Amino acid sequence: MSTLKPATVRRVAVIGGSRVPFARSDGPYATASNQEMLTTALDGLVDRYGLEQPGAVDEFVAGAVLKHSRDFNLARETVLGSRLDARTPAYDIQQACGTGLQAVIAAANKIALGQTEAAVAGGSDTASDAPLGVNDDLRKVLLEARRAKSLGARLKALAKVRPGHLVPDIPRNAEPRTGLSMGEHAAVTARAWGVTREAQDELAATSHQRLAAAYERGLFQDLVVPFRGLARDQNLRPGSTVEKLATLKPVFGVDGPAPTMTAGNSTPLTDGAAVVLLASEEWAEARGLEPLAYLTAYETAAVDFVHGDVADGEDGLLMAPAYAVPRMLERAGLGLDDFDLVEVHEAFASQVLATLAAWEKRGLPPVDQTRLNVAGSSLATGHPFAATGARIVATLAKLLAERDTPGRGLISICAAGGQGVTAVLERP
């Protein structure tokens, strides 16, 4: 009787990334589809790393949160419309705002186990070209008419259509279990953790200032490809200051005491796409490519934001990374002090600050602000849901490579549904 030998786990290299500049919804990309944006980002990677030849990579993994029915096979259709070999297998993945990072993890696992040598992973989302659903009452009438066995029965069913049935169902940024938007949930958490307006505005202004500086010094020269007239993220406000942000009125939590969350310290609805090239060390060496960094650990978590300890902030909708990161660090034998750079997705400034406070409550040391989101993050770039993870992986890998010394970077991403996806990048 033969037995299977345990697979040798290999290091997974981050070779590079590609994304389109992110744009505010209903702006320059108003008529751009998920597939068009994702194809542009993928072709940028193909051009940069010479991936046109047959079999250049083994897989393409990507997803979107807001998807039309025509996007049911988004990743595969993107491959077929790109300059990547049409025989490259592809599949979709989705975990709300964690989609891009989960796509990276899925692709990395196969490389680590020796099942593939190279893959591209990422995501795309458009809040402009959002799918509009048929009114559910109208849908039921139409299905009843379809099932009818006679013309009379069909006409009888169709006679039930009312003017109100013609109003489409528009996607809402709200949790089905609570009916609250992500911003309203974040406002509850902000109050629970005592996050101040001043601290949020300072974080937001710093994000814009650091992103602007990163563009100026050329950090994104080989990470961003122009698209529809944009060469930089449209949401970027280089002149953003705490004083300017202080003039904005709160937009979330306004029914509660002393609301603190504004449009300036929250991410706007955004369109965009991003991808990352991952590979084994052998694949990279054979092509003369130096890895930017290596993906060495990852962890996911979820909180019960419906019945859990929400009032005290422990199980707020966006607080899952507060559990995932300590668990991941313990498993990897690392502490926060072992990280040179820390990337916390900025869905809201209040959520970032609450997460940092929760890590401290769980025994982790404070994060040095000079190591946090050093090239800006979602408050400045914007946040196309499924694209954010790939954007952060590529940016952090490039930042680690820039240092030209051994170093580690931490990634923390919160997601709708009370979930969190986290990872570690290292440069030996």
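Residues numbered from 1 in each chain as written. Predicted model: local features only at pLDDT ≥ 70, side-chain atom pairs only at ≥ 80, totals over all residues. Heavy atoms only, no water.

A. Seen up close, the overall build of the protein. Helix and strand content of the protein: 13 helices and twelve strands. Taking 428 residues into account, the globule formula puts the C-alpha radius of gyration at 22 Å, and the protein, at 22 Å, falls close to it. The proportion of buried residues among the 428 residues of the protein is 56%. Sequence separation of 24 or more characterises 80% of the internal contacts of the protein that already satisfy a separation of 6 or more. Looking at the protein as shown, the accessible area adds up to about 18,000 Å², and 53% of this sits on carbon and sulfur atoms. (Helix = DSSP H or I, 4+ residues; strand = E, 2+ residues; numbered from the N terminus. Rg over C-alpha atoms; globule rule 2.2 N^0.38 Å. Buried < 20%, exposed > 50% of the residue type's maximum accessible area, 1.4 Å probe, protein only. Contact = heavy atoms within 4.5 Å. Areas by Shrake-Rupley, 256 points an atom, 1.4 Å probe, with all protein chains shown as cover.)

B. Seen up close, the side chain of threonine 116. Tracing the chain through its elements places threonine 116 in the loop between helix H3 (99-112) and strand S5 (118-125). If we ignore the near neighbours within four places in the chain, the residues touching threonine 116 are Arg10, Asp58, Ala107, Lys110 and Ile111.

C. Summary view of H3. With 14 residues, H3 extends 20 Å from end C-alpha to end C-alpha; this agrees with the ideal 20 Å at 1.5 Å per step. Among the 14 residues in H3, twelve count as buried, and that is most of the element. All buried positions along H3 are accounted for by Thr99, Gly100, Leu101, Gln102, Ala103, Val104, Ile105, Ala106, Ala107, Ala108, Ile111 and Ala112. Where H3 ends, the next residue or the one after it, glycine 114, has phi of about 80°, a positive value. (Expected span 1.5 Å × (residues − 1).)

D. Structural view of the layout of surface pockets. Taken as a whole, the second largest pocket encloses approximately 250 Å³ of empty space. Each residue belonging to the lining of the second largest pocket can be placed in one class, and the counts come to eight nonpolar, five polar and one charged. (1 Å grid on protein atoms, 1.4 Å probe; cavity = no way out; pocket = protein on both sides within 12 Å on 5 of 7 lines; lining within 4 Å. Points joined across faces, edges and corners; volume = space filled by probe spheres on them. Nonpolar A, V, L, I, M, F, W, Y, C, P; charged D, E, K, R; others polar.)

E. Expanded view of the nonpolar core. Counting residues in each nonpolar core, the largest one holds 48 residues, and the members touching the most others are Leu101, Leu278, Ile411 and Leu425. Those residues in contact with leucine 425, other than ones at most four positions away along the chain, are Val14, Ala293, Tyr294, Leu295, Val393, Leu396, Ala397, Leu400, Gly407, Arg408, Gly409 and Ile411. Met37, Ala64, Leu277 and Ala284 belong to the second largest nonpolar core, which has 36 residues in total. (Core = buried A, V, L, I, M, F, W, Y, C linked by side-chain atoms within 4.5 Å.)

F. Layout of unusual backbone geometry. One non-glycine residue, asparagine 373, lies in the positive phi region at around 45°. Note that asparagine 373 resides in the loop between helix H11 (349-361) and helix H12 (378-381). Residue classification places asparagine 373 among the buried residues on the basis of a relative accessible area of 3%. Of note in the backbone geometry, aspartate 404 takes a positive phi value of approximately 60° without being a glycine. Position of aspartate 404 among the secondary structure elements: in the loop between helix H13 (388-403) and strand S11 (407-415).

G. Quick peek at empty space enclosed by the protein. This structure, assessed with the given rule, holds one cavity of 30 Å³ or more. As a volume, the largest cavity reaches approximately 50 Å³. Contributing to the lining of the largest cavity are Gly17, Ser18, Arg19, Phe220, Leu223, Ala274, Val275, Ala390, Arg391, Ala394 and Thr395. For the lining of the largest cavity, the element with the highest residue contribution is H13, accounting for four residues. Tallied by class, the residues present in the lining of the largest cavity amount to six nonpolar, three polar and two charged.

H. A look at helix H7 (residues 197-216). If you check H7, its first and last C-alpha atoms are 29 Å apart, about what 20 residues at 1.5 Å a residue would give, namely 28 Å. Within the span of H7, buried status applies to Arg197, Gln200, Asp201, Leu203, Ala204, Ala205, Ser207, His208, Leu211, Ala212, Ala214 and Tyr215. Trailing H7 by a residue or two, glycine 218 shows a phi angle of about 85°, which is positive.

I. Up close: the packing of aromatic side chains. In the structure shown here, the tally under the stated rule is three aromatic pairs. Where phenylalanine 252 meets phenylalanine 348, the ring centres are 5.8 Å apart and the plane angle is 85°; that geometry is what we call edge-to-face. Taken together, the residues span a long stretch of sequence, with phenylalanine 252 in strand S6 (residues 250-252) and phenylalanine 348 in the loop between strand S10 (341-344) and H11 at a distance of 96 residues. By relative accessible area, which is 5% here, phenylalanine 348 ends up buried. We note arginine 11 situated over the ring of tyrosine 294; from NZ or CZ to the ring centre the distance is 4.0 Å. (Phe/Tyr/Trp six-rings, centres within 6.5 Å; stacked < 30°, edge-to-face > 60°. Lys NZ or Arg CZ within 6 Å of the ring centre and 35° of its normal.)

J. The state of the cysteines, seen in detail. All chains considered together, the criterion is met by zero disulfides. No disulfide involves cysteine 97; its nearest neighbouring cysteine sulfur is the one of cysteine 414, lying 6.4 Å away. (Disulfide = S-S within 2.5 Å.)

K. Highlighting a nonpolar patch on the surface. On the surface, Leu142, Leu151, Leu155, Leu158 and Val161 cluster together into a nonpolar patch covering about 430 Å² of accessible area. Of the residues forming the nonpolar patch, the biggest block, three residues, is contributed by helix H5 (residues 151-158). (Patch = residues over 30% accessible without salt bridge, like charges linked within 9 Å, V, L, I, M, F, W, Y side chains within 5 Å. Salt bridge = Lys/Arg side-chain N within 4 Å of Asp/Glu carboxyl O.)

L. Spotlight on the pattern of salt bridges. By the definition in use, this model includes 23 salt bridges. The salt bridge partner of arginine 10 is glutamate 282, with a shortest N-O separation of 3.8 Å. Of the two residues, arginine 10 is situated in the segment before strand S1 (12-19) and glutamate 282 in helix H9 (residues 281-286); the sequence distance between them amounts to 272 residues. Glutamate 282 gets classed as partly exposed once you look at its relative accessible area, which sits at 47%. In this structure, lysine 398 and aspartate 222 form a salt bridge, with 2.8 Å as the shortest nitrogen-oxygen distance. In this pair, lysine 398 is assigned in helix H13 and aspartate 222 in the loop between H7 and helix H8 (242-245), connecting sequence segments 176 residues apart. Overall, lysine 398 belongs to the buried group, its relative accessible area being 15%. Connected through shared salt-bridge partners, Arg10, Glu117 and Glu282 make up one network.

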